[in-house]
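Structural overview for review
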Number of protein chains: 2
Amino acid sequence: MNDVAKLADVSLKTVSRVVNGTESVSAAKAVRVEAAIRELGFRRNEQARQLRQGTTATIGLIIEDLADPFYSTLARAVEEVAHAHHHALLVSSSAEDPRRAEELVRSLSGRGIDGLIITPAEGMDPRVLAAEGEAGCSLVFVDRPSVDVDADTVLVDNRGGTAAGVRHLLAGGHRRIAFVGDTASLYTAQERRIGYLEALETAGIERDDNLVLMANPAAPESGEAFLALLDQADPPTAILAGNNRWSVRVVRLLRQRGIGVALVGFDDFELADALEPPVSVVAQDPAAVGRLAAELLFSRLAGDTGPRQHIQLGATLIPRGSGERAPR
Amino acid sequence: MNDVAKLADVSLKTVSRVVNGTESVSAAKAVRVEAAIRELGFRRNEQARQLRQGTTATIGLIIEDLADPFYSTLARAVEEVAHAHHHALLVSSSAEDPRRAEELVRSLSGRGIDGLIITPAEGMDPRVLAAEGEAGCSLVFVDRPSVDVDADTVLVDNRGGTAAGVRHLLAGGHRRIAFVGDTASLYTAQERRIGYLEALETAGIERDDNLVLMANPAAPESGEAFLALLDQADPPTAILAGNNRWSVRVVRLLRQRGIGVALVGFDDFELADALEPPVSVVAQDPAAVGRLAAELLFSRLAGDTGPRQHIQLGATLIPRGSGERAPR
DNA sequence: CTGTTAGCGCCTTCAT
DNA sequence: ATGAAGGCGCTAACAG
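Residues numbered from 1 in each chain as written. Chains lettered and ligands numbered in written order. Predicted model: local features only at pLDDT ≥ 70, side-chain atom pairs only at ≥ 80, totals over all residues. Heavy atoms only, no water.

Residues and elements named next belong to chain B. Closest axis-to-axis distance for the helix α10 (residues 220–230)/helix α11 (residues 244–257) pair is 11 Å, and the angle between their directions is 60°. Taken together, the axes of α10 and α11 lie oblique to each other. When the axes of α10 and α11 are compared, the crossing they make is right-handed. Within the contact between the two elements, α10 uses Pro220, Ser222, Gly223, Phe226, Leu227 and Leu230 and α11 uses Trp246, Arg249, Val250, Leu253, Leu254 and Arg257. Partitioned by chemical class, the residues of the contact of α10 with α11 number eight nonpolar, two polar and two charged. (Axes fitted to C-alpha atoms, helices over the stretch in contact; angles between N-to-C directions. Helix = DSSP H or I, 4+ residues; strand = E, 2+ residues; numbered from the N terminus. Parallel < 35°, antiparallel > 145°, perpendicular 65-115°, else oblique. Left-handed = near helix turned anticlockwise from the far one by under 90°. Contact = heavy atoms within 4.5 Å. Nonpolar A, V, L, I, M, F, W, Y, C, P; charged D, E, K, R; others polar.)

In this model, the second largest pocket occupies a volume close to 1100 Å³. Lining of the second largest pocket is provided by 35 residues; of these, Arg106, Ser109 and Gly110 of chain A together with Arg43 and Arg44 of chain B occupy positions nearest its centre. Elements supplying a minimum of two residues to the lining of the second largest pocket: α6 (98–110) and α7 (126–134) of chain A together with α3 (27–40) and α4 (46–53) of chain B. (1 Å grid on protein atoms, 1.4 Å probe; cavity = no way out; pocket = protein on both sides within 12 Å on 5 of 7 lines; lining within 4 Å. Points joined across faces, edges and corners; volume = space filled by probe spheres on them.)

Here the focus is the side chain of His87 of chain B. Checked against the element boundaries, His87 of chain B lands in the loop between α5 (69–84) and β2 (88–93). The class of His87 of chain B is buried, set by a relative accessible area of 17%. Of note is the side chain of His87 of chain B, whose polar atom sits 3.4 Å from the backbone nitrogen of Thr58 of chain B. Leaving out residues up to four positions away in the same chain, His87 of chain B has contacts with Arg111 of chain A together with Ala57, Thr58, Ile59, Ala82, Asp114, Phe298 and Leu301 of chain B. (Buried < 20%, exposed > 50% of the residue type's maximum accessible area, 1.4 Å probe, protein only. Polar contact = N/O pair within 3.5 Å; in protein donor to acceptor, adjacent residues only side chain to side chain.)

What follows is about the protein's contact with DNA strand D. Contacts to DNA strand D come from 23 residues, most closely from Thr14, Arg17, Ser24, Ser26 and Arg52 of chain A. Each atom of DNA strand D within 4 Å of the protein was assigned to sugar, phosphate or base; sugar and phosphate come to 65%. One nitrogen or oxygen atom from the side chain of Arg52 of chain A is found 2.8 Å from a base nitrogen belonging to DNA strand D. Between Arg52 of chain B and DNA strand D, the recorded distance is 2.8 Å, taken from a side-chain N or O atom to a base oxygen. Sorting the residues of the surface near DNA strand D by element identifies α2 (12–20) and α4 (46–53) of chain A together with α2 (12–20) and α4 of chain B as the ones contributing at least two each. A total of four residues in the surface near DNA strand D trace back to one element, the largest contributor, which is α4 of chain B. Here the residues of the surface near DNA strand D sort into six nonpolar, eight polar and nine charged. (Near = heavy atom within 4 Å.)

In the neighbourhood of DNA strand C, 23 residues make up the surrounding shell, with Lys13 of chain A together with Thr14, Arg17, Ser24 and Ser26 of chain B lying closest. Sugar and phosphate atoms represent 61% of those atoms of DNA strand C found within 4 Å of the protein. Here a phosphate oxygen of DNA strand C sits 2.6 Å away from a polar atom, N or O, in the side chain of Thr14 of chain B. Backbone polar atom of Ser26 of chain B to a phosphate oxygen of DNA strand C: 2.4 Å apart, as the coordinates give it. Per element, the largest residue contribution to the surface near DNA strand C is four residues, and it comes from α4 of chain A. Looking at the surface near DNA strand C residue by residue, the classes come out as six nonpolar, eight polar and nine charged.

Here chain A sits on chain B after a turn of 180° about the axis and a move of 0.0 Å along it, with an RMSD of 0.1 Å. The two molecules are tied by a two-fold rotation axis, judged by turn and shift. No C-alpha of chain A lies nearer the rotation axis than that of Leu90 of chain A, which sits 2.2 Å from it. Here 98% of the interface residues in chain A have copies in chain B that are interface residues too; the copies meet face to matching face. (Least-squares fit on C-alpha atoms with pLDDT ≥ 70 in both.)

On to the sheet that holds strand β6 (residues 177–181) of chain B, then. All names here are of chain B. With mixed pairing, six strands are arranged side by side in an open sheet as β7-β6-β8-β9-β10-β12. Each having just a single partner strand, β7 (212–214) and β12 (316–318) make up the two edges of the open sheet. Here the average twist between neighbouring strands, direction ignored, is 15°. In this sheet, strand β9 (residues 262–266) lies alongside strand β8 (residues 238–241) in parallel orientation, the contact comprising four bridges. Residue pairing across strands places Ile239 opposite Leu263, the latter belonging to β9. (Pairing = 2+ DSSP bridges.)

See the structure below:
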């Protein structure tokens, strides 16, 4: 910028004015400065500008796993809103590791992001996040609520969605409905199980813990646990799968067994409609989660100091065939 | 940092030394400084540090669409390598828009990223990218080659992979093999078509342009174009789908028609093995593309000034059933 | 081992 | 409308 000023024979500040276009500069000088900028290929150094102004025009996003379709769709929506607000997006995956998540928060925070959208990993130290809020970094939690931190949240109606799936199976005449969810320590898995239990209770059906399996859908031994659930004396005639990983696994296992049990999955997935039979699901809208979280964040950055918002998005039942099979 | 220095009654520079841990400081002072840091909740401002050092410990990634499984898997791999090198990752989607891609490059570049991994959008002004190289920002192209820019590249063997898929169909006795690829302006679509044509030529089969369709798999009218291809007088007995979007669409359309044409898809996709019949594919390894590109970038950042590297990754045929159907 | 000085590139304040 | 001076928070280069 100094070089530009010299070449155009004006002061540093005049160049700054031309570059920013905020204050007025005489036409003659503006032309000279612009010519000099072109000649030198000058580009404003954002870092220096940000250091001075105390803003980075960057927001952070910490999710479980960027390669997971749910999170990559959410991230894409956040990115779109950030782009519309002329902000860049720093993305990181915590990989379900609370220590790594804490490290990422500190790392992003040190880079001076203006705001942070985060899916908190189970077991994170809430103080790390609370420190952000105090440091003036706006915080929005997605998919899971904040633990001991007062901040905006955007969640999905896990209980209601699961209950709707269970009611659909009940309406189809099923009475022995199993719930197969992810590890019990996960917030979303807990909520969905509660929704399942509530729907059964409302229908006056007694709870049977032999019909509930909570396990990591990626672990090999989970497959055997599921088959054991199927093979019990009074087996389920329908299954509610607690996430799309389990839905996929259940489809494969049922196929191997050649059993026509009814199935409703929580969370939609690509090609669910092209399987045989097409898989009925309770669909979340990950793009809407990301979009709303980002819009909430930018409204905070714009100065909205209203009360904390806790947005809950609905989940929609999509009947496709697998959930409409009659009980044996 | 000034406050810490005052509280610990040492100089600014001593605090800096303690924070960075590089130079040696007497134990007594170090303890005092550390106590002061804790008391004040001091955290080093990365921005200021970076401004001074001229490095940001941040790399950029510009891809077509973060929500696309191919790119999100690639991005996840890049992120992992960046994390191992203590770098953050700025991610942006160009959405196939060359103007937006140029804007993103300038935006990321202004933020002073140390390096950039990019899938160039068709129609981008090469000067925008060339400017980065000159500005000292290392550049690696992925999935598509650089256009008029001398930089490292990591590509997939699109021609060889497609040719392998075609040879597999030929070995199964097919002679009328169609190629259904994405818009002809896309680099990867062009390459895969060339691989298809080369494999046919090697086998001594005459080229028939009625068996080639190049169109956007997401456009409604593409479905009709595909059905027209199937309905011609001398129809194909096998199809090579040029990307996973087309594979999925072909599966659905064939299903509607109830036709048992053989199918091999380029690029693997989730649940390809759970469809009826399971879809044979020529699989790319998006994670490997991302990992190698990031490793290449960091070796450049570490000072490797060797000749430009042009890495080409293979694509592997995975027979699953749909590609093994005999010709009618 | 420790402190002082200067400056990264820009913007804000206050003069003119 | 313009410019000079000062400082954002930190670290490199030099003294001691």
